[in-house]
Amino acid sequence: SQQGEEDPQALSIQEGENATMNCSYKTSINNLQWYRQNSGRGLVHLILIRSNEREKHSGRLRVTLDTSKKSSSLLITASRAADTASYFCATPVIGSGATNKLIFGTGTLLAVQP
Amino acid sequence: DTEVTQTPKHLVMGMTNKKSLKCEQHMGHRAMYWYKQKAKKPPELMFVYSYEKLSINESVPSRFSPECPNSSLLNLHLHALQPEDSALYLCASSQGLAGASSYNEQFFGPGTRLTVL
């Protein structure tokens, strides 16, 4: 399976704390994307980091990418109860062209306690 | 409009029923996707349409039949489903441009929660 792995599978923190989740993938990539999914809802794109980038910020989100280790991390700073969700990393299959086939990681379930 | 809409939100059907899921986007995207997601699992790709033509079928059983009537609409026709087909069905779209810019983000709808009795 090409599916990526994420750890931890589940993470519970207090409001105001930082949350870090990690993603490992198996193939060469053009970019790596992170998505959030609130319970039973659709996925929301959070951030995209290209293979030639090492770090990217967006608001309270910080993403790092290490292509030599085939891994990425997502840091959410100063977490809020509203950040409670599942977080998935996803990598496009190179060669899938305009159809942009994504391979999703296994996901991290984040619970932020108020 | 940066929204993907899906109807219905919930669907309960028997194994002999025929039903359809609908998806719509008005972002001018030329690639549209159907995913199936079981509880506590990542989405699994089912079908991809590119410029209204089916470009990927991930070996999905024929009881699922996709249709793309135009560039904004995507349907998934369901017939003779099994209880194990109960899941959240997600539609997504992306720009669908060729070249390096094609590997960009996908926009997801809220999903249809399907229960097969």
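That block above? That's the structure.
Here the structure is a predicted model, which is why all the values come from computation and not from measurement.

Per the secondary structure count, chain A includes zero helices and eleven strands. For chain A, the α and β elements follow one another from N to C terminus as β-β-β-β-β-β-β-β-β-β-β. On C-alpha atoms alone, chain A measures out to a radius of gyration of 14 Å, which is about the 13 Å that the 2.2 N^0.38 rule sets for 114 residues. The C-alpha extent of chain A, read off along each of the three principal axes, is 45 × 30 × 20 Å. The buried share of chain A, reckoned over its 114 residues, is 46%. Considering only residue pairs separated by 6 or more positions, chain A has 55% of its internal contacts joining residues 24 or more positions apart. Looking at chain A as shown, the accessible area adds up to about 5200 Å², and 45% of this sits on carbon and sulfur atoms.

With that settled, consider the pattern of salt bridges. Side chains that differ in sign of charge can pair as their charged atoms come close. Residue and element names in this part refer to chain B. Taken as a whole and judged by the stated rule, the model has six salt bridges over all chains. With a closest N to O distance of 4.0 Å, Lys-36 and Asp-85 form a salt bridge. Taken together, the residues span a long stretch of sequence, with Lys-36 in strand S4 (residues 31-37) and Asp-85 in the loop between strand S8 (73-79) and strand S9 (87-94) at a distance of 49 residues. In this structure, Lys-36 and Asp-85 share a single accessibility class: buried. Asp-85 is paired through a salt bridge with Arg-63; the nearest N and O atoms lie 2.7 Å apart. Taken as a pair, Asp-85 in the loop between S8 and S9 and Arg-63 in the loop between strand S6 (53-57) and strand S7 (64-70) lie far apart in primary sequence, 22 residues in all.

Grouped together as the largest cluster of nonpolar side chains are 23 residues, with contacts concentrated most on Trp-34, Phe-64, Leu-76 and Leu-78 of chain B. What Phe-64 of chain B contacts, discounting residues up to four positions off in sequence, is Met-46, Phe-47, Leu-76, His-77, Leu-78, Leu-81, Asp-85 and Tyr-89 of chain B. Counting 22 residues, the second largest nonpolar core, distinct from the first, contains Leu-32, Ile-47, Cys-89 and Val-112 of chain A.

In this section: the state of the cysteines. Per the stated rule, a full pass over the model turns up two disulfides over all chains. There is a disulfide in this structure between Cys-23 of chain A and Cys-89 of chain A, and the S-S distance comes to 2.1 Å. Taking the torsion about the S-S bond as the criterion, the Cys-23 of chain A to Cys-89 of chain A disulfide, at about 75 degrees, is right-handed. Of the two residues, Cys-23 of chain A is situated in strand S3 (residues 19-24) and Cys-89 of chain A in strand S9 (residues 85-92); the sequence distance between them amounts to 66 residues. Comparing Cys-23 of chain A with Cys-89 of chain A, the two get one shared label, buried. Two residues share a disulfide in this structure: Cys-23 of chain B and Cys-91 of chain B, whose sulfurs sit 1.8 Å from each other. Residues Cys-23 of chain B and Cys-91 of chain B are joined by a disulfide whose S-S torsion is about -70 degrees; by sign, that bridge is left-handed. Remark: Cys-91 of chain B occurs in strand S9 and Cys-23 of chain B occurs in strand S3 (residues 18-25); sequence separation between them is 68 residues.

So, about the sheet that holds strand S1 (residues 4-7) of chain B. All names here are of chain B. Overall, antiparallel pairing links the four strands, which are arranged S1-S3-S8-S7 in an open sheet. In this open sheet, the two strands that pair with only one neighbour each are S1 and S7. Between one strand axis and the next, the sheet turns by 20 degrees as a mean value, whatever way the strands run.

All names here are of chain A. Mapped onto the secondary structure, Gln-33 falls in strand S4 (residues 31-37). By relative accessible area, which is 0% here, Gln-33 ends up buried. Within polar-contact distance, the side chain of Gln-33 engages the side chain of Asn-31 at 3.1 Å. A distance of 2.6 Å separates polar atoms of two side chains, one belonging to Gln-33 and the other to Tyr-35.

Residue and element names in this part refer to chain A. By secondary structure assignment, the location of Asp-66 is in strand S7 (residues 61-66). Judged by relative accessible area, which is 26%, Asp-66 ranks as partly exposed. The spatial distance from the C-alpha of Asp-66 to the C-alpha of Glu-55 is 9.0 Å, given a sequence separation of eleven residues. Apart from residues lying up to four places away in sequence, Asp-66 is in contact with Tyr-25 and Ser-71. A polar contact of 2.5 Å, which involves the side chain of Asp-66, links it to the side chain of Ser-68.

Rules behind the numbers
Residues numbered from 1 in each chain as written. Chains lettered and ligands numbered in written order. Predicted model: local features only at pLDDT ≥ 70, side-chain atom pairs only at ≥ 80, totals over all residues. Heavy atoms only, no water. Helix = DSSP H or I, 4+ residues; strand = E, 2+ residues; numbered from the N terminus. Rg over C-alpha atoms; globule rule 2.2 N^0.38 Å. Buried < 20%, exposed > 50% of the residue type's maximum accessible area, 1.4 Å probe, protein only. Contact = heavy atoms within 4.5 Å. Areas by Shrake-Rupley, 256 points an atom, 1.4 Å probe, with all protein chains shown as cover. Salt bridge = Lys/Arg side-chain N within 4 Å of Asp/Glu carboxyl O. Core = buried A, V, L, I, M, F, W, Y, C linked by side-chain atoms within 4.5 Å. Disulfide = S-S within 2.5 Å. Pairing = 2+ DSSP bridges. Axes fitted to C-alpha atoms, helices over the stretch in contact; angles between N-to-C directions. Polar contact = N/O pair within 3.5 Å; in protein donor to acceptor, adjacent residues only side chain to side chain.

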